[in-house]
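Examination of the molecular architecture
So you can see what is in the structure, the chains are spelled out below.
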Amino acid sequence: MYSTLFLQEISAEWQELYQAALEARNRAYAPYSRYQVGAAIRCRSGAIYTGCNIENASFGLTVCAERVAAWHAVSAGERDLVRLAVVTADGSAPCGACRQVLAEFAPELAIMLADVSGNARITDLRALLPDAFILKR
Ligand code: THU
């Protein structure tokens, strides 16, 4: 499912996205979990949109970094999402809710899961969310 790589082995395109996600992670508002997440999405237009997790005292209102990044892109008028980089302390994969939100706009999204030391895995949304629920329009 994954090819495990070190950041230096990854293309300049992924490295730029990694840097954007790493910087976004520094803006995480995570006073409750202390688990910071940064995400960066490259769109077909070439633009990069970032997101960080934003927690709330009413815990269920917390929003993940991946959804913030996706909504950032879509609210800027983007519809064609091409790549996503996620940076966490341990290189974790997106939660199920975020996978479903991403599938709405980019069922074939290429995804890099990385940690803050530059260890990275490359996968895609088809692997992370097989047989996704998408309405045919
Ligand atoms: N979180 C994300 O930002 N992305 C995920 O895919 C999983 C979890 C955040 C939510 C919460 O602020 C913290 O990580 C711990 O769950």
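Residues numbered from 1 in each chain as written. Predicted model: local features only at pLDDT ≥ 70, side-chain atom pairs only at ≥ 80, totals over all residues. Heavy atoms only, no water.

**Digging into the environment of A114**
Its location among the elements puts A114 in strand β5 (residues 110-115). As a C-alpha pair, A114 and E9 span 105 residues in sequence and 13 Å in three-dimensional space. Excluding residues that lie within four positions of it along the chain, A114 makes contacts with Y18, V86, V87, T88, G91, N119 and A120. (Helix = DSSP H or I, 4+ residues; strand = E, 2+ residues; numbered from the N terminus. Contact = heavy atoms within 4.5 Å.)

**A few points about the pattern of salt bridges**
Per the counting criterion, the structure on display carries five salt bridges. In this structure, E13 engages R83 in a salt bridge whose closest nitrogen and oxygen atoms are separated by 3.7 Å. With a gap of 70 residues between them, E13 in helix α1 (residues 12-25) and R83 in strand β4 (residues 81-88) connect regions that are remote in the sequence. Residue classification places R83 among the partly exposed residues on the basis of a relative accessible area of 22%. Across the pair D80 and R44 runs a salt bridge, and its minimum N-O distance is 3.1 Å. Pair noted here: D80 is in the loop between α2 (65-75) and β4 and R44 is in the loop between β2 (38-43) and β3 (48-52), with a separation of 36 residues, a long-range link. In this structure D80 comes out as partly exposed when scored by relative accessible area, which is 34%. (Salt bridge = Lys/Arg side-chain N within 4 Å of Asp/Glu carboxyl O. Buried < 20%, exposed > 50% of the residue type's maximum accessible area, 1.4 Å probe, protein only.)

**Observations regarding the pairing of strand β6 (residues 119-124)**
The sheet contact formed by β5 and β6 spans five bridges and is antiparallel. Paired with M112 across the bridge in β6 is I122. Between β5 and the antiparallel strand that follows it, β6, lie three residues; G118 among them carries a positive phi value of about 95°. (Pairing = 2+ DSSP bridges.)

**A word on the environment of F133**
Inspection of the secondary structure puts F133 in the segment after α4 (125-128). Accessibility expressed as a relative area gives 56% for F133, which makes it exposed. For the pair F133 and A103, spaced 30 residues apart in sequence, the C-alpha to C-alpha distance is 8.0 Å.

**Regarding α2**
With eight of eleven residues buried, α2 is to be regarded as a mostly interior element. Turning to α2, its buried residues are A65, E66, R67, V68, A69, A70, A73 and V74. In the segment just after α2, G77 is the residue with positive phi, at about 100°.

**With respect to the site of the ligand**
The ligand sits among S33, Y35, V37, N53, E55, T62, C64, A65, E66, P94 and C95. Between the ligand and the protein, one listed contact pairs an oxygen atom with a backbone N or O atom of A65 at 3.0 Å. With respect to the ligand, the backbone of C95 contributes an N or O atom lying 2.8 Å from an oxygen atom. In the complex, the protein chains occlude 77% of the 370 Å² of accessible area that the ligand would expose alone. (Near = heavy atom within 4 Å. Polar contact = N/O pair within 3.5 Å; in protein donor to acceptor, adjacent residues only side chain to side chain. Areas by Shrake-Rupley, 256 points an atom, 1.4 Å probe, with all protein chains shown as cover.)

**Let's talk about the packing of aromatic side chains**
The final tally for this structure, using the stated rule, is one aromatic pair. Taking NZ or CZ as reference, R83 lies 4.7 Å from the ring centre of W14, over its face. (Phe/Tyr/Trp six-rings, centres within 6.5 Å; stacked < 30°, edge-to-face > 60°. Lys NZ or Arg CZ within 6 Å of the ring centre and 35° of its normal.)

**Examining the confidence of the model for the protein**
Taken as a whole, the protein shows an average pLDDT of 95; of its residues, 99% reach a score of 70 or greater. Ranking the elements of the protein by mean pLDDT puts strand β1 (residues 3-6) last with 73 and β3 first with 99. (pLDDT = per-residue confidence, 0-100.)

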